[in-house]
Amino acid sequence: MSDFILPDIGEGIVECELVKWLISEGDIIEEDQPVAEVMTDKALVEIPAPHRGRVTRLYYKEGETAKVHAPLFAVEEESDGAQGAADDADAARTAASAHDTKDDLESDALQVAQGDSGDEASEDFILPDIGEGIVECEVVTWRVREGDEIAEDQPVVDVMTDKALVEITAPEAGRVTRLYYREQESARVHAPLFAFVPHGRAAQPKPGTASSSPEPVASRHESRPLAASADNARGQGAHGRIPASPAVRRLVRELGVRLEDIPGSGKDGRVLKEDILAWQKQGGEATPAESTVAQQTSMQPVPEYSAASDDVRVEPLRGMQAVMARRMVESATTIPHFHYGDEIDVTELLALRERLKARAEREGIRLTLMPLIMKAMALAIQEYPVLNSRLGSAGDEIHYLPHCNVGMAVDGKSGLVVPNVKWVERLSLMEIAREVERLTAAAREGRVAQDDLRDGTISISNIGALGGTYAAPIINAPEVAIVALGRVQQLPRFDMAGNVVSRSIMTITWAGDHRLIDGGTIARFCNLWKGYLQEPQDMLLHLA
């Protein structure tokens, strides 16, 4: 019987709420079967089973707070079923003890197995859960090679999921003995990623051999003397990465301070929570060593501006921001974009919304222009289905999609996300409005479910909500079209009699995939969509 250790479920997240158990004690579970739903401050996360077995203990009740890197539940593999009651009792006591001390498990837990690299002291690093529902990822770049020495917290490999580029770091110092994947290969979650010999074990002789041996690997790794520099005083770790646990990094972000400014008292300059509190208590003033360096620096000529300057704040691209960067580069460089702009007179549409708004509010729904815009789009797509298609993987087929799932870009808590309202062609305006409100709230709270982000067919970017007028949007691949909505402005226009009148005008800009959509097609589609919005009563004739 073994404990399932709750893995990292988000950058800086050290605990979460156990929302719902999907299993019970005594249940037989299969590999990758969902076992629990937990809630972080960013999202609802589904935890899958690591392997087949029988659940023997659930360490938390629903509503309790679970700790990352602490036991979540205990599972007995089927081959372990022959163990006696005494063994089960001992295992349960061990698990309970681990549970009592789980608060101390603050940093970088490692699931390990005996490696098969030919070295008895070698251990496998098991690729942990790196996102909800993710069972594999692509190995992008190895930062090390077999035989290399690695330090604790050193970046070892970059892997890419369908959501983000994730940096995997070394759990402890040692020597790499095997890389199980080549770059661009797919690595499996809960499977060995690389093997290494921890320094603490590398120096131990194998049974039956003499105790005399060459200099330990650890000694060779640390043979370079550590200079008493300001960087070391601030806890500057190897490879430009300051040793610190996720909880400490989260505290640093919450306080709005710089990790490199805080002297670390832990091993190799590791910054501890006590170091942060002590530094804050002292008013965050520079240490004597830092003051000396500052005085020496002040007597030198002012250096030219560069990325290495102390005045430059550098932050890595992570999370949704990293995903957006990758996807936008892919879209902009692989899809031939063309843009088409127009303006829409939404005076009548606004008047209709005002008439419907009170009725919607009685049902607890906030009616905006977005549901009306989405419904008009779905109706126009019935006449021009190529706007709701995608290019086949071989690039020689057009796949016309059966349902119109309209995505909307939302500036959410965890970055820009594009949840989509599914089957817009079948929903009523009230149902669309309810979905728009739900998805917007979820995105701003960082709690959008993966199902709401999948299978979008066409997207809307409402820059007008932030005051923008014009934009040249980038297509949300594999979709083939996106429209940017500008803000509504009161502008002078001529009526049919030639009189100048005030009208509500909204600018729009389409981006289309020129491999599938030509200028004439998008112009005709836009004219039909525009007609529904300028004379919304016409939509009634086409509603199913």
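Residues numbered from 1 in each chain as written. Predicted model: local features only at pLDDT ≥ 70, side-chain atom pairs only at ≥ 80, totals over all residues. Heavy atoms only, no water.

Here's the deal with the overall build of the protein
Stage number 1. Helix and strand counts for the protein come out as 13 helices and 27 strands.
Stage number 2. Out of the 544 residues in the protein, the part that is buried amounts to 41%.
Stage number 3. Look at the contacts in the protein between residues 6 or more apart in sequence, and 62% of them connect residues 24 or more apart.
Stage number 4. About 28,800 Å² of surface is accessible on the protein, with carbon and sulfur atoms providing 50% of the total. (Helix = DSSP H or I, 4+ residues; strand = E, 2+ residues; numbered from the N terminus. Buried < 20%, exposed > 50% of the residue type's maximum accessible area, 1.4 Å probe, protein only. Contact = heavy atoms within 4.5 Å. Areas by Shrake-Rupley, 256 points an atom, 1.4 Å probe, with all protein chains shown as cover.)

Quick notes on the packing of aromatic side chains
Stage number 1. Under the criterion given, the structure shown has eight aromatic pairs.
Stage number 2. Between tryptophan 21 and phenylalanine 73 the ring centres are 6.4 Å apart and the planes differ by 90 degrees, which places this aromatic pair in the edge-to-face class. With tryptophan 21 in strand S2 (residues 15–21) and phenylalanine 73 in strand S8 (residues 71–76), the pair connects residues that are 52 residues apart, well separated along the chain. For the pair tryptophan 21 and phenylalanine 73, one class covers both residues: buried.
Stage number 3. Both rings, one in phenylalanine 194 and one in phenylalanine 196, keep their centres 6.0 Å apart while their planes meet at 50 degrees; by these two values the pair is tilted. The burial state of phenylalanine 194 is the same as that of phenylalanine 196; both residues are buried. (Phe/Tyr/Trp six-rings, centres within 6.5 Å; stacked < 30°, edge-to-face > 60°.)

Let's talk about the side chain of histidine 403
Stage number 1. Here histidine 403 shows up in the loop between strand S20 (398–400) and strand S21 (406–408).
Stage number 2. Accessibility expressed as a relative area gives 19% for histidine 403, which makes it buried.
Stage number 3. In terms of polar contacts, histidine 403 uses its side chain to reach the side chain of glutamate 425, at 2.9 Å. (Polar contact = N/O pair within 3.5 Å; in protein donor to acceptor, adjacent residues only side chain to side chain.)

Some words on the nonpolar core
Stage number 1. Counting 50 residues, the largest nonpolar core has Met374, Met377, Trp510 and Trp529 as its most contacted members.
Stage number 2. It is helix H10 (residues 369–383) that provides the largest number of residues to this core, a total of eleven residues.
Stage number 3. Beyond its immediate stretch of four places on either side in the chain, tryptophan 510 contacts Phe338, His339, Tyr340, Met377, Ile458, Ala481, Ile482, Val483, Ile522, Phe525, Cys526 and Trp529.
Stage number 4. Formed by 26 residues, the second largest nonpolar core is a distinct cluster that contains Phe4, Tyr59, Tyr60 and Val75. (Core = buried A, V, L, I, M, F, W, Y, C linked by side-chain atoms within 4.5 Å.)

Concerning the pattern of salt bridges
Stage number 1. Evaluation of the coordinates by the stated rule reveals 17 salt bridges.
Stage number 2. Residues glutamate 76 and arginine 54 are paired through a salt bridge, measuring 2.5 Å at the closest nitrogen-oxygen approach. You can see glutamate 76 sitting in strand S8 and its partner arginine 54 sitting in strand S6 (residues 53–58), a full 22 residues away along the chain.
Stage number 3. For aspartate 513, the salt bridge identified is with arginine 515, shortest N-O distance 2.8 Å.
Stage number 4. Classification of aspartate 513 by relative accessible area gives buried; the value is 1%. (Salt bridge = Lys/Arg side-chain N within 4 Å of Asp/Glu carboxyl O.)

Thoughts on the sheet that holds S8
Stage number 1. Taken in spatial order, the four strands of this open sheet run S1-S8-S6-S3, and their pairing is antiparallel. Edge positions in the sheet fall to strand S1 (2–5) and strand S3 (28–29), since each of these pairs with one other strand and no more.
Stage number 2. As judged from the two bridges shared by S3 and S6, these two strands associate in the antiparallel manner. Paired with isoleucine 28 across the strands is arginine 54, a residue of S6. (Pairing = 2+ DSSP bridges.)

Overview of the sheet that holds strand S25 (residues 458–461)
Stage number 1. In space, the six strands of this open sheet follow the order S18-S27-S26-S25-S21-S24, with mixed pairing throughout. On the outer flanks of this sheet lie strand S18 (337–345) and strand S24 (420–421), each paired with one strand and no other.
Stage number 2. Where helix H9 (residues 347–362) meets the sheet, it contacts S18, strand S26 (481–494) and strand S27 (500–513), and its direction lies at approximately 100 degrees from that of S27. (Axes fitted to C-alpha atoms, helices over the stretch in contact; angles between N-to-C directions.)

Things to note about the side chain of aspartate 124
Stage number 1. Summarising the element assignment, aspartate 124 is placed in strand S10 (residues 123–126).
Stage number 2. The buried charged residue aspartate 124 lacks any salt bridge partner; its closest oppositely charged side chain belongs to arginine 178, at an N-O distance of 7.0 Å.
Stage number 3. In this structure the side chain of aspartate 124 is engaged in a polar contact, spanning 2.6 Å, whose partner is the side chain of tyrosine 180. (Lys, Arg positive; Asp, Glu negative; His and termini not counted.)

Overview of unusual backbone geometry
Stage number 1. Cis geometry marks the peptide bond from alanine 477 to proline 478, where omega comes out at 10 degrees.
Stage number 2. Unusually for a residue other than glycine, glutamine 184 sits at a positive phi of about 80 degrees.
Stage number 3. By the secondary structure assignment, glutamine 184 is in the loop between strand S15 (174–179) and strand S16 (186–188).
Stage number 4. Positioned with a positive phi, aspartate 455 is a non-glycine residue whose angle comes to about 65 degrees.

Let's talk about helix H6 (residues 273–281)
Think of an α-helix as turning once every 3.6 residues; residues three or four places apart then point the same way.
Stage number 1. Listing the buried residues of H6 in full gives Asp275, Ile276 and Trp279. Along H6, the residues classed as buried sweep out an arc of 100 degrees about the axis, all on the same side. For H6, the exposed residues lying more than 90 degrees away from the buried face are Glu274 and Lys281.
Stage number 2. Following H6 by one or two positions, glycine 283 adopts a phi angle in the positive range, close to 85 degrees. (Arc of directions from axis to C-beta.)

Regarding the packing of H10 against helix H13 (residues 519–534)
Stage number 1. In contact at an axis separation of 9 Å, H10 and H13 are set at 140 degrees when each is read in the N-to-C sense. With respect to H13, the axis of H10 lies oblique. H10 and H13 meet at a crossing whose hand is right-handed. In contact with Leu372, Ile373, Ala376, Met377, Leu379, Ala380, Ile381 and Glu383 of H10, H13 contributes Phe525, Leu528, Trp529, Tyr532 and Leu533.
Stage number 2. Its residues assigned to classes, the contact of H10 with H13 comprises twelve nonpolar, no polar and one charged. (Parallel < 35°, antiparallel > 145°, perpendicular 65-115°, else oblique. Left-handed = near helix turned anticlockwise from the far one by under 90°. Nonpolar A, V, L, I, M, F, W, Y, C, P; charged D, E, K, R; others polar.)

Re helix H11 (residues 429–444)
Stage number 1. The end-to-end C-alpha distance of H11 is 22 Å, a good match for the 22 Å that 16 residues give at a rise of 1.5 Å each.
Stage number 2. Looking at H11, one finds that the buried residues are Ile432, Ala433, Val436, Leu439, Thr440, Ala442 and Ala443.
Stage number 3. Residues of H11 that are buried make contact with H10, S21, strand S22 (410–412), strand S23 (415–417), S24 and helix H12 (450–453). (Expected span 1.5 Å × (residues − 1).)

Things to note about the confidence of the model for the protein
Low-confidence regions, as indicated by low pLDDT, have predicted coordinates that should not be scrutinised in detail.
Stage number 1. For the protein, per-residue confidence averages 78 on the pLDDT scale, and 74% of positions sit at 70 or higher.
Stage number 2. Note that residues 80–117 has pLDDT below 50 and, in this model, 69 contacts with residues that lie over four places away or in other chains. (pLDDT = per-residue confidence, 0-100.)

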